[in-house]
Each structure stands twice: as structure tokens, then as C-alpha cells.
Amino acid sequence: MGVKGLTTYIAKNAKKILKPHELHDCNLVIDGDNLACQLFRKTCETTNCAFGGDYDVFYMQVCRFFVLLEKCNVKSYVLLDGGYEEYRLRTVYSRLRSKIAAIKHLDPTHPDNIHFPLLIREVFVRALRDKGIEVMRCLFEADEEVANLARRLNCPVLSYDSDFYIYNVLYIPFVSLTLKVYRKTVKRDGNEVVRVERCSLKAKKRNRKARIPVMDMDSKEVEDESEEQCYYYLDCCLYQMENLLKHTKLTEELLPFFGAIIGNDFTERSKLRKFYKGVHVKKKKEKSKLQRQINEIIRWLQHESLESALEKLQIRTEKDNRETIVDHIQNASATYTSTQGISSIYFGFDEEKDIESDDSEEETSETNEENYEEDDVEEEDDVEEEEDVEEEEDIEDNNDLELAENPSGHYKFPSWLKEKFLRAELPRYCVDLVHLKIYVNNPQIENFKLPDANAVALEILMLIFRILNAPETPTLNYITRTAGQSSYTNKCLSLAKNEAVPFNPIKQKNVELFRHLFRDFPNHEEIFDLLSVIDEGYKVSFLAIIYWTKKSKLWSWLHIHSIILAMLILSIVDRKCGEIRTQEEFDRNYAKTLPAIKRELSQKIGSDTQENKPSDFTVKNSHRLRKKVSKNECVLILERILPFLSRNVHHKKSYTEFSSTVLHAFSEYQAILYHMITLNAISNFPFEEPNVAKTYKGFLLFNLYSTLNKRADFEYYIKENLLNGAINFNLYYEYLMTWFKNLIPDKNLNDK
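In this numbering scheme, every chain counts its residues from 1 along its sequence in written order. This being a predicted model, a pLDDT of at least 70 is required before a residue's local features are given, and a value of 80 or more before pairs of side-chain atoms are given or counted; all residues contribute to the totals for chains, interfaces and linings. Side-chain figures throughout are based on the complete set of non-hydrogen atoms in the structure, without hydrogens or water.

Our next topic: the overall build of the chain. Scanning the chain from N- to C-terminus turns up 32 helices and 13 strands. For the chain, the exposed surface amounts to about 31,800 Å²; the carbon and sulfur share of it is 46%. Where helices and strands are cited, they refer to DSSP runs of H or I of at least four residues and of E of at least two residues respectively, numbered from the N terminus. Every accessible area reported is derived by Shrake-Rupley at a probe size of 1.4 Å, with residue values counting cover from the shown protein chains alone.

As C-alpha cells, this is what we get:
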């Protein structure tokens, strides 16, 4: 939810409310969506959000973060948000409108404007799994589960959501966490334990600037061969409720009421206009009206009990809203004290009971409530809003967006589906498809004169919707942007009745749903026959490309060449050379050996390579070609591709080649890939789950496309310039492109 203005209030009084803390040797419960949001913001310091997602950099950032925690012997438990509760939809629609407006006016020369790309959650979950981090996706918002698990383990919560100032938990605000590992040596002086910092020789005081970290966010570890007893820690600040209560002189009973009355997703400030007019704001130190209101509300509550505060709230509320507002305030307060949850059972800390019995608490509650942003990966919920209450009234209510065939929150999830939710195998929108029969489209970098980029994937979405709601055939409320405007509309999409769909939730590796999806393709049998000769990690991506070429009018062979080149660079070159993104990193690793590599490879160019070129498509040929790609070839390609991988001074000043239409086509492909990943999970993974961070990088794709588009014969340019000298890499690349040309015969190969 987020309590408006509370983060700012805490920051202004941080010395009294937050205490310095060393994070080490403990459990840590993490608000996953919020952490993903904060880490993505850090990646935007070196990447450009205007090109649809540099997932490789974000993936590395997530992995490095958990390396730091592992170094400090911190055991992490990550909880992710699920679907929306109905009462949150007004907030969701408001954020959707804001995102549409931001994307519409996105300027690639000012990349600090942050846009959260479509597949960021999938990349985050993949990074967690690859690092062995325990993770659970809640059916709805995760805050209550986070708080309950933290209380059960008696450990801190890591987030940047102001709700955790109200929950009675130990809380580490993410912004207070120094992403550097420090070391302390533990010695004994008699009966006393003495902890000694690892400091620089010139340091006179043991302060933060003087200390030398042993590891930073780049996972660069300083050699540390000391055999002395020591521990490693991360610097941070720790919040405890008693500090806030002591500072504000409120009671623990009143604190949830205080959080609710300030305003969150339960209590709209515009509905409390009369109440706030009765709050006598003194124009003293605070410039912000919201902060002055917070101070006055605290002073008021210091002399009230919960009962008297509720009574006076009723008196100060308009009669039409009185009963509703009081109910909302009580419901909002109840969320901060709830003890219901299943995370401690899921992670094995409590004995397993009938989890289904908790469904009534978690699935039907009208009091439960990204903030990964929106509940997406968006900004922290409690970013302070300085607008007057009167201005908030101008926000469009969008009451016309009513939910069709809403089951009133009493839907019971099938056990197979709930298990996939909890294991975070399915994205959060699947809960919305079942619970509210709604899909909130996540706008991408698009041409706003065209239909939304997700439209090409609607057939896949409707197939997923049908499976999740079987045997019913309800209507789907598809919330998407309005063409050409910074607004949105509701499209009601109906399922075809009595359509037979081959689905068995028990069958392992069930490919039938994919065959059903491609049933109208003239060469659908050939597609799946040839799919068997492609490396496992590429199969879902390749199916997405084939599907895209049939459903979109924007695709071209130039797009496909760019996607395959990027895929091979991210999956093969990165694996053999390391994830290098700057010229400085490249020179540090390969500047000395590069001349010898070029000489060696140039000597092989004259040799006859025709015998190495496969004459047919087989698994053996595919594996052989991929295996023969050498590290030296990858180093050569990396040198040439470096300017395409990360932004430089030119990109910061101007970008005349920027085209929303080109990016719209890539966004269509992303949308198809996104929903095919979901379909693959529902089908019990007939294909290996694709690692998006190793197959898609928006900035690289756009730069490759722009460069190739300038060439009269871009295939010749790829072979003789980008891949010249890398014989085996080029053979594997040609093998994959020939595979596509056999399955996409209906478009001129010379057509860009």
C-alpha cells in the first residue's frame, strides 16, 4: 500500500527513529517486488530505459546483490506480490495512466526517466532461482506475509515501503543499506570482546569513509587472507516501532489508525476533505502541506484513544461517506495487525496444515491488500504527494470500468494452479485472470498511433484465460491504452463457447497447448519437427519469433537478424568472455592478447570451411556448431559489438535514429514471448524456461537494427564485418537463420 508522506517524515527524524545496524549472520525477509524496483533503478544509472529493457544488466545486479548477502552469512527469504484486490484497482488505473503519459513523452537522450520493462519480474525470479534463493509468490499483496514471516523468524524486513513503519517488525529501509561488505576482526581483551574495523592506514577515526570494503556491488572481492576470527557485514539503519512511538508519543494501538488516516489504498485522501479541513495546520518549519498535516494529526492523536479518534473521525466526515470511510479506516488498520499467513508453512518453519483453509482469509478477504511498482515494478508507494486534497479530487475515477462476471472474491483456486502461484512459476497477472477476470496491460515503448503492442499476443492470452477459468467461459476485461491518447479503455473479450482445448494439468511436459496455438499455421507440423534440432534454451524464443511473423505486420528479416545476433552475443559471447559492457573492462581483460587472437583467426580464414557447414538440420549438427565456437572468436566479436552494448556520450546528447515504430515491433515480440513463457509454465515446461537476460537486450537490439538498416546488403555486412574471422560463430549463426528461412517462406528475404 504505502502511507503517503510517512517515508519523508521518518527521513526528517531519522536520527531519533532509525538506529545504525550491522546486517550479518541472520535471516532476512525481503519484499521482493520492492527490491526488484530498487535494484532496477540502480541499473538505470548505466543503461537507457528508452529501448525496452536491458535485462542482462538487471540480472547481473540482482545476482551481485545476493552475493553480498551471502558473504555476510545472511539467509534470504523473498516474498513476491500476486494479483490485485478489487479495492486497489483505482490506484492501478491511476498508475497505468501515469505510465502511458510517461512513455508517450519518453526522451531517449534523457535516460534517467525510468520505465520498467515488461519482463522484469521474470528476470528477477530467474536470478533468484539461479542464486538458490528461497522464494514464494503470494496470491495477493505480499506485505502481510512479509511481516508475519519476519515476526515468526524474529528477523528484519528489507524493503522501501512505508507500510513497514506501521507493521510491528524490525525493518531495514533499502536506501539505508550500504551495498558494500565490511569486515570486523573479533578479538578478546580479557573477558571483553573487541571488534576492530578494517580501516585505511591514514584513517584517524573509524568512520564510514575511512573503512575499506572487502566487496562491493560489482562483486569485486579484496584479498583477505587473515586467519583471525572475523565477520562480514553490510551497514544499514534498523527501524523498531518503539522508536517511532517514543518520538510521536502515540500508542501501539493508535499507530495503525494513524497510518490509515494519513492515506493509503484503502483510504482516499479526497474522501477525507472535511476531516483535513478540521486539522489546524500551523505554517511553521515544514514547507510541505502534507508534512504539516502529518505533524498536526500526530499532535491530535496524542490526546486520543482509538475509540475517541474513530468517534471524532465520524463527526468530521461528510454524511454520505461517513460509514464507508470508517469501515475503510478500520479495515486498513486491521491489515497491519493481521496474523494470518502461509509463508512460514511454505518455507518449512511451521508444521503443515490444511493450507486450503487459509484461502478464505487470503483469497476472499476484502481487507487485504508494487509495488514492484504498481504494482509493477513501480516507484515506492509512499513517494510523497504534495498536492492539496482538492487537487486529488481531479483524479479520474474511471467508475465505468466495471468488472464483468466478477466472482465477488469467492473463487477457489485449483490446487495445481495455487501450487504454481506459490512457487512463482506463473506471473502475477494469472491471479487477476482467475480472481477478477481482468488483465491490466503493461504499456511498453510503443508508437502510440498503433494498437498496443500486446494486441498481437491476445490469442495466447485468451488461451491462458480459458485454461485458468475452465470449465467456465467468462468475459475478460482487457484494460489497455487508448490509441493516440494518454488514457486507457476497457475492452471486453469473450471466449468462444465450447471450444475444445487439449489441457491436462497433471501431464508432464505437455506440448499440446503449443500445438493448439499453432494449429492454423500451414506448416505447423514442420515447425515442431524442426524445433527438436534447436538448443533447449532457445525453443520458446524461436516459437515466439515464428508466431510474431504470422501475427504482426511490422516484423522484417532485419528484426529477426538483430534478435538472433543479440541472442548469440548474450548467451555465447558472454559465457565465454564474461559479461563485459565497457571498453575499459574489455581492455583490462583482452587488450594484451587481442593482437595474437586476430593473427590466429586471420590464418584460418583462408581454410576451406565448406566441409564444416551442415547440410541438414539435426540435433547433432546444432550441438556441434555451437560447441565449435571458440573463445577467441567471441573476443573478436565482442570488440566489434561493444559500442552496441552500452550507452555512450553520443547517446546522452542526441539520438536522431530513435524510432518508436521500430521499438513497437520489438515490443510486440516481447509481449508474445511473455505470454509464451506463461503458457510453457502452465504446460509443465515442455521446453526449457528461457533465460530472458541471455536472450533479449533492448538497447543492443535497437543499435543492431539501426546499423544494419543503413546497409544495402545487411547480411553481407554481418558476415564480412561483424562476424568476419569468427568462422564457427558465423556457421552457427547461418544455421539458425536458415532454420527460420525454411519456416517463414512467405516474405521476401531482401525485404527489410
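So, next bit.
Any two cysteine sulfur atoms within 2.5 Å of one another count as a disulfide. One pass over the full model with this rule turns up 0 disulfides. Between Cys 236, a cysteine without a disulfide, and Cys 237, which holds the nearest cysteine sulfur, the sulfur-to-sulfur distance is 6.8 Å. By relative accessible area, which is 1% here, Cys 236 ends up buried. Accessibility here uses a 1.4 Å probe with only protein chains present; expressed as a share of the type maximum, an area under 20% marks a residue as buried, one over 50% as exposed, and anything in between as partly exposed.

On to the pairing of strand S12 (residues 475-481), then. Most of S12 sits inside the fold, with 7 of its 7 residues counted as buried. As defined by bridge partners, strand S11 (residues 438-440) adjoins S12 across 3 bridges and the pair is classed as parallel. Paired with Val 440 across the two strands is Ile 479, which belongs to S12. Orient the strands so they point away from the viewer; a crossover is then right-handed if the path from the first strand over the helix to the second runs clockwise. Regarding the hand of the β-α-β motif, the stretch spanning S11, helix H19 (residues 458-469) and S12 is right-handed. DSSP-based pairing: two strands are paired if at least 2 bridges between them are found.

This part takes up unusual backbone geometry. The omega angle of the peptide bond from Ala 470 to Pro 471 is 10°, so this bond is cis rather than trans. Residue position: Pro 471 is located in the loop between H19 and S12. Of note in this structure, Ala 424 is not a glycine but carries a positive phi near 60°. For Ala 424, the position within the fold is in the loop between helix H17 (415-422) and helix H18 (429-435). The phi torsion at Lys 509 lies on the positive side, around 50°, for a residue other than glycine. With respect to the secondary-structure elements, Lys 509 resides in the loop between strand S13 (488-494) and helix H20 (512-517). Here Lys 509 falls in the exposed class, since its relative accessible area comes to 57%.

Okay, the nonpolar core next. Grouping buried Ala, Val, Leu, Ile, Met, Phe, Trp, Tyr and Cys residues that are joined through side-chain atoms within 4.5 Å yields what is termed a nonpolar core. Counting 241 residues, the largest nonpolar core has Phe 65, Phe 258, Ile 564 and Met 676 as its most contacted members. Of all the elements, helix H29 (residues 660-682) adds the most residues to this core, at 14 residues. For Phe 258, the residues in contact, after removing those within four places along its chain, are Leu 6, Ile 166, Leu 250, Ile 294, Ile 297, Ile 298 and Leu 301. Only heavy atoms matter for contacts: two residues are in contact if any of them lie within 4.5 Å across the pair.

The next subject is the sheet that holds S12. Spatially, the 3 strands line up as an open sheet ordered S11-S12-S13, and their pairing is mixed. Bordering the open sheet on either side are S11 and S13, each of which pairs with just one other strand. Direction aside, neighbouring strands of the sheet carry axes that sit 20° apart on average. Fitted lines through C-alpha atoms serve as axes, helices being fitted only where they are in contact, and the angles separating the N-to-C directions of these axes extend from 0 to 180 degrees. The sheet strands contacting H19 are S11, S12 and S13, and the helix crosses S12 at an angle near 145°.

This next bit is on the pairing of strand S10 (residues 230-239). By the criterion of burial, S10 is predominantly enclosed, with 8 of the 10 residues buried. Across 6 bridges, strand S1 (residues 18-23) lies against S10 in antiparallel orientation. Note on S10: the bridge partner recorded for Leu 18 is Tyr 239.

Between helix H23 (residues 557-577) and H29, whose axes approach to 11 Å, the crossing angle comes to 60°. Taken as axis vectors, H23 and H29 run oblique relative to one another. In the packing of H23 onto H29, the handedness of the crossing is right-handed. Only Val 662, Ala 665, Phe 666 and Tyr 669 of H29 make contact with H23, whose side of the interface consists of His 559, Ser 562, Ile 563 and Met 567. Classifying every residue of the contact of H23 with H29 gives 6 nonpolar, 2 polar and no charged. Oblique is the label for every angle not falling under 35 degrees (roughly parallel), over 145 degrees (roughly antiparallel), or within 65 to 115 degrees (roughly perpendicular). The handedness criterion is simple: a crossing whose near helix is rotated anticlockwise from the far helix by less than a right angle is left-handed, and one whose near helix is rotated clockwise is right-handed. Residues are grouped as follows: nonpolar covers Ala, Val, Leu, Ile, Met, Phe, Trp, Tyr, Cys and Pro; charged covers Asp, Glu, Lys and Arg; every other residue, Gly included, is treated as polar.

We now examine the packing of aromatic side chains. Each Phe, Tyr or Trp ring, with Trp reduced to its six-membered ring, pairs with another whose centre is within 6.5 Å; inter-plane angles below 30 degrees give stacked pairs, above 60 give edge-to-face pairs, and intermediate values give tilted ones. Under the counting rule described, the total for this entry stands at 38 aromatic pairs. When the centroid spacing of 5.8 Å and the interplanar angle of 70° are considered together, the rings of Phe 40 and Phe 58 count as edge-to-face. Taken as a pair, Phe 40 in helix H3 (residues 32-43) and Phe 58 in helix H4 (residues 55-71) lie far apart in primary sequence, 18 residues in all. Ring pairing ties together the aromatic residues Phe 164, Tyr 165, Tyr 167, Tyr 171 and Tyr 239, which thus form one cluster. Here, a charge over a ring is recorded when the distance from Lys NZ or Arg CZ to the ring centre is within 6 Å and its angle to the ring normal is within 35 degrees. Above the face of the Tyr 232 ring, Lys 71 is positioned so that its terminal group lies 4.3 Å from the ring centre. Lying over the aromatic face of Phe 448, Arg 481 brings its terminal NZ or CZ to 4.6 Å of the ring centre.

Along the chain, Thr 678 turns up in helix H29. Apart from the residues within four sequence positions on either side, Thr 678 is in contact with Leu 426, Pro 427, Tyr 429, Cys 430 and Ile 464.

Below, the discussion takes up helix H6 (residues 120-130). Of all 11 residues in H6, 9 are buried, a share of seventy percent or more. All of the buried residues in H6 are Ile 120, Arg 121, Glu 122, Val 123, Phe 124, Val 125, Arg 126, Ala 127 and Leu 128. Summarising the contacts, the buried residues of H6 are in contact with H3, H4, strand S3 (74-80), strand S4 (134-137) and H29. Where H6 ends, the next residue or the one after it, Gly 132, has phi of about 75°, a positive value.

Let's shift gears to the packing of helix H25 (residues 594-605) against helix H27 (residues 631-645). Geometry of a packed helix pair, given as the angle between the helix axes and the separation of the axes. Orientation of H25 relative to H27, taken along the N-to-C sense of each, is 115°, at an axis distance of 10 Å. Judged by the angle between their axes, H25 and H27 are roughly perpendicular. H25 and H27 meet at a crossing whose hand is left-handed. Where H25 abuts H27, its residues Leu 594, Ile 597, Lys 598, Glu 600 and Leu 601 lie against Asn 632, Glu 633, Val 635, Leu 636 and Glu 639. Its residues assigned to classes, the contact of H25 with H27 shows 5 nonpolar, 1 polar and 4 charged.

Our next topic: the confidence of the model for the chain. How sure the predictor is of each residue is captured by pLDDT, a score from 0 to 100. On average, the chain scores 81 in pLDDT, and the residues at 70 or more come to 78%. Between residues 201-206, whose pLDDT stays under 50, and residues either more than four places distant or in other chains, the model counts 5 contacts.

To continue, consider the pattern of salt bridges. Should a side-chain nitrogen of Lys or Arg be within 4 Å of a carboxyl oxygen of Asp or Glu, the pair is scored as a salt bridge. A full pass over the atoms with the stated rule returns 26 salt bridges. Of the charged contacts, one joins Glu 22 and Lys 184 as a salt bridge, the two residues approaching to 2.5 Å between their closest N and O atoms. Here Lys 184 lies in strand S7 (residues 180-189) and Glu 22 lies in strand S1, a separation of 162 residues in the sequence. The exposure class assigned to Lys 184 is buried, which follows from its relative accessible area of 12%. The salt bridge partner of Lys 741 is Glu 715, with a shortest N-O separation of 2.8 Å. On the criterion of sequence distance, the pair formed by Lys 741 in helix H32 (residues 727-743) and Glu 715 in helix H31 (residues 714-722) is long-range, its members being 26 residues apart. Residue Lys 741 is classed as partly exposed on the basis of its relative accessible area of 26%. You can call Glu 715 partly exposed: its relative accessible area is 30%. Each of the salt bridges in this network shares a partner with another, and the network as a whole consists of Asp 54, Asp 56, Asp 574, Arg 581 and Lys 697.

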